[in-house]
Amino acid sequence: MSDNLPIRKIIHVDMDAFYASVEQMDNPELKGKPIAVGGGGTRGVVSAASYEARKFGVRSAISGAQARRNCPDLIFIKPRFDRYHEISKQIRKIFHDYTDLVEPLSLDEAYLDVTENKKGNPSASLIAKEIRDRIFKEVGLTASAGISVNKFVAKVASDYNKPNGQKTVNPEEVIPFLEALDIRKFYGVGKVTAEKMYQLGIFTGKDLKSKSLEYLDTNFGKSGAFYYYIVRGIHTSEVKPNRTRKSLAAERTFNENLSSEIFMLEKLEHIAQEVSKRLNKNKVSGKTVTLKIKYSDFTLQTRSKTLPYFMSDKDLILEVAKDLLYQEKLSNSVRLLGISMSNLNNEKSNKKPSKPEYKTVSVQLQFAF
């Protein structure tokens, strides 16, 4: 690995079972019990689960019915997003006491670049510990953290000692850490990709590192280069405090499956209204409309159309969504519809994205980590 790139000190903070933990904090009677935030009916979906529920295989994105089968004593709680936003703001305020280079990924996780920080503390590991202690003391929740030289390794590390723990991967430990890692633990390698890698004999980071760039390009297309460089500890993405929003969306799950496009038009009108509202609230417009269709067998389909002009008006969005709905015959009854707007006018759309330059990097331990 050389010293062509500067060494950064990156922390990834990830709240532990955030939504569920907020509910347990606000209602002490729920502490120690298996709870799920989301819908517990036949059409509901789990948004988050407490660690007590996770022991029974209750995870986010599974159906409420499946969650109940896994854990008959499961307690369902309706989500309170206003409360989660409120708590998230408190946590981010703590982050900004240490650095202005804070990049939120969601309400419950963020990257912090503490290479140069407001406390003058040379140790990213001690800063992470102090932040976690303050979150617990001032907010009442536990958090986990990963600390390393770039965002990728820090994010992978934050999951290592969950819940309520942290993992530091020092510069000289990056390659051994990644080589020993199960490929399923690599951020950016989903379930389908992991299965494909297994079929190709790739089970660990070391297996992945043994494959050439050409081999990975052939088997994984555009993602091949990403896998090739991250397993070598090379990830040049900086912590960006003001992340550009790339899309806005709204969706609805129906109480009963819909089998005709005619019955879906009224639903689409309400969804388009919500998308328009969110676009106007954020003062953006978009060119690309994507219709999301989830069928009764849970298969997912998306249909997109890009227009030559930006729009945020509900009627225009609805008109395009209708065209997409009638674009081809539905393959089954529908349980969910969604509309998203992308290619927004807050992006530098007139410039072609430059291909990232990857360099061979050697990292030396030059200061306390």
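Structure first, text after, so check above.
This report concerns the structure included in the present document.

Cut-offs used in this document
- Residues numbered from 1 in each chain as written.
- Predicted model: local features only at pLDDT ≥ 70, side-chain atom pairs only at ≥ 80, totals over all residues.
- Heavy atoms only, no water.
- Helix = DSSP H or I, 4+ residues; strand = E, 2+ residues; numbered from the N terminus.
- Rg over C-alpha atoms; globule rule 2.2 N^0.38 Å.
- Contact = heavy atoms within 4.5 Å.
- Areas by Shrake-Rupley, 256 points an atom, 1.4 Å probe, with all protein chains shown as cover.
- Lys, Arg positive; Asp, Glu negative; His and termini not counted.
- Charge placed at Lys NZ, Arg CZ, Asp CG, Glu CD.
- Pairing = 2+ DSSP bridges.
- Axes fitted to C-alpha atoms, helices over the stretch in contact; angles between N-to-C directions.

## Thoughts on the overall build of the protein
Here is step 1 of the chain: Regarding its fold elements, the protein presents 13 helices and twelve strands.
Here is step 2 of the chain: Over its C-alpha atoms the protein spans a radius of gyration of 22 Å, differing by no more than 12% from the 21 Å that the globule rule assigns to 369 residues.
Here is step 3 of the chain: Seen along its three principal axes, the alpha-carbon backbone of the protein occupies a region of about 65 × 55 × 45 Å.
Here is step 4 of the chain: Excluding contacts between residues fewer than 6 apart, the proportion of contacts in the protein whose partners are at least 24 apart in sequence is 65%.
Here is step 5 of the chain: Summed over its atoms, the accessible surface of the protein is roughly 19600 Å², and 48% of this surface lies on carbon and sulfur atoms.
Here is step 6 of the chain: For the protein, the distance from the average site of its 59 positive side-chain charges to the average site of its 44 negative ones is 1 Å.

## Comments concerning unusual backbone geometry
Here is step 1 of the chain: Here the bond from Lys162 into Pro163 is cis, since omega is -10°, no more than 30 degrees from zero.
Here is step 2 of the chain: Among the secondary structure elements, Pro163 is positioned in the loop between helix H6 (151-158) and strand S8 (166-168).
Here is step 3 of the chain: A positive phi angle, close to 45°, is found at Ala17, a residue other than glycine.
Here is step 4 of the chain: Within the secondary structure, Ala17 is located in the loop between strand S1 (10-15) and helix H1 (18-26).

## Details of the sheet that holds strand S10 (residues 286-295)
Here is step 1 of the chain: Taking strand neighbours across the sheet as the criterion, the four strands line up as S9-S12-S10-S11 in an open arrangement whose pairing is antiparallel. Each edge of the sheet is formed by a strand with only one pairing partner; in this case those strands are strand S9 (247-258) and strand S11 (300-311). Averaged over all pairs of adjacent strands, the angle between their axes in this sheet comes to 15°, without regard to strand direction.
Here is step 2 of the chain: Pairing analysis gives eight bridges linking S10 to S11, with the strands arranged antiparallel. Residue pairing in the sheet places Ile293 in a bridge with Gln301 of S11.
Here is step 3 of the chain: The sheet contacts of helix H12 (residues 261-281) involve S9, S10, S11 and strand S12 (334-344), and relative to S9 the element is tilted by about 155°.
Here is step 4 of the chain: Along the sheet, helix H13 (residues 314-325) contacts S10, S11 and S12; its crossing angle with S11, the most-contacted strand, is approximately 140°.

Just distances and angles here, no functional claims.
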